[in-house]
Amino acid sequence: KHPGLEELFWTARKTVLGKHIPDAYIILDVPIDSAEKRRAERAPREDRFDEKDRAFQSRVRAGFKKFATTLGKHAYIVNANRTPEEVDKDIWTIARKVLGR
């Protein structure tokens, strides 16, 4: 763990967003095993995040889930371990709900 990173995150978020708060945060959640399999199946590319070990990937995933809990009703976690069409459908359902359409 890196002390102070959570505080840095919230400070950066406040600096970037100012008084503008998003209506929704959509977090696409994929188990570590599935993410590794997907990366192995696609063409290689340089991506430092993808190069990190499983422990790091697990901490990042847990961090996003904690972030969603902190945000409460403005956060939506979508199971992205499904077909693109199923994930797309969920995202549009959330967007319509948030936009009141």
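Residues numbered from 1 in each chain as written. Predicted model: local features only at pLDDT ≥ 70, side-chain atom pairs only at ≥ 80, totals over all residues. Heavy atoms only, no water.

What about helix H2 (residues 32-41)?
Owing to its 3.6 residues per turn, the α-helix brings residues three or four apart onto one side.
Link 1 in the chain: Residues of H2 that are buried: Ile32, Ser34, Ala35 and Arg39. All buried residues of H2 lie within an arc of 160° about the axis, which places them on one face of the element. Turned more than 90 degrees off the buried face of H2, the exposed positions are Asp33, Lys37, Ala40 and Glu41. (Buried < 20%, exposed > 50% of the residue type's maximum accessible area, 1.4 Å probe, protein only. Helix = DSSP H or I, 4+ residues; strand = E, 2+ residues; numbered from the N terminus. Arc of directions from axis to C-beta.)

Brief notes about the pattern of salt bridges
Link 1 in the chain: Considering all chains together, one arrives at five salt bridges under this definition.
Link 2 in the chain: For arginine 54, the salt bridge is made with glutamate 36, and the minimal N-O distance between the two is 2.6 Å. In this pair, arginine 54 sits in helix H4 (residues 54-71) while glutamate 36 sits in helix H2, placing the two residues 18 residues apart along the sequence.
Link 3 in the chain: The partly exposed category is assigned to glutamate 36, whose relative accessible area is 29%.
Link 4 in the chain: In the salt-bridge network here, residues are joined through shared partners; they are Asp29, Arg61 and Lys65. (Salt bridge = Lys/Arg side-chain N within 4 Å of Asp/Glu carboxyl O.)

Focus on the environment of isoleucine 27
Link 1 in the chain: For isoleucine 27, the location among the structural elements is in strand E1 (residues 25-29).
Link 2 in the chain: Residue class for isoleucine 27 comes out buried when judged on its relative accessible area of 11%.
Link 3 in the chain: Residues isoleucine 27 and tyrosine 76, 49 residues apart in the sequence, show an inter-C-alpha distance of 6.1 Å.
Link 4 in the chain: With near-sequence residues (within four places) excluded, isoleucine 27 lies in contact with Phe64, Phe67, Ala68, Tyr76, Ile77 and Val78. (Contact = heavy atoms within 4.5 Å.)

Notes on the packing of H2 against H4
Link 1 in the chain: Between H2 and H4, whose axes approach to 10 Å, the crossing angle comes to 120°. Our classification of the angle between H2 and H4 gives oblique. In this structure, H2 crosses over H4, and the sense of that crossing is right-handed. Of the residues in H4, those touching H2 at Ile32, Asp33, Glu36 and Arg39 are Arg54, Gln57, Ser58 and Arg61.
Link 2 in the chain: Here the residues of the contact of H2 with H4 are counted per class, giving one nonpolar, two polar and five charged. (Axes fitted to C-alpha atoms, helices over the stretch in contact; angles between N-to-C directions. Parallel < 35°, antiparallel > 145°, perpendicular 65-115°, else oblique. Left-handed = near helix turned anticlockwise from the far one by under 90°. Nonpolar A, V, L, I, M, F, W, Y, C, P; charged D, E, K, R; others polar.)

Structural notes on the packing of aromatic side chains
Link 1 in the chain: Enumeration over the complete set of coordinates arrives at four aromatic pairs.
Link 2 in the chain: Ring plane angle 80° and centroid distance 5.2 Å describe the contact between phenylalanine 9 and tryptophan 10, whose orientation is recorded as edge-to-face.
Link 3 in the chain: Centre to centre, the rings of tyrosine 25 and phenylalanine 67 are 5.3 Å apart; their planes meet at 90°, and the pair counts as edge-to-face. Separated by 42 residues along the polypeptide, tyrosine 25 in strand E1 and phenylalanine 67 in helix H4 bring together distant segments of the chain. (Phe/Tyr/Trp six-rings, centres within 6.5 Å; stacked < 30°, edge-to-face > 60°.)

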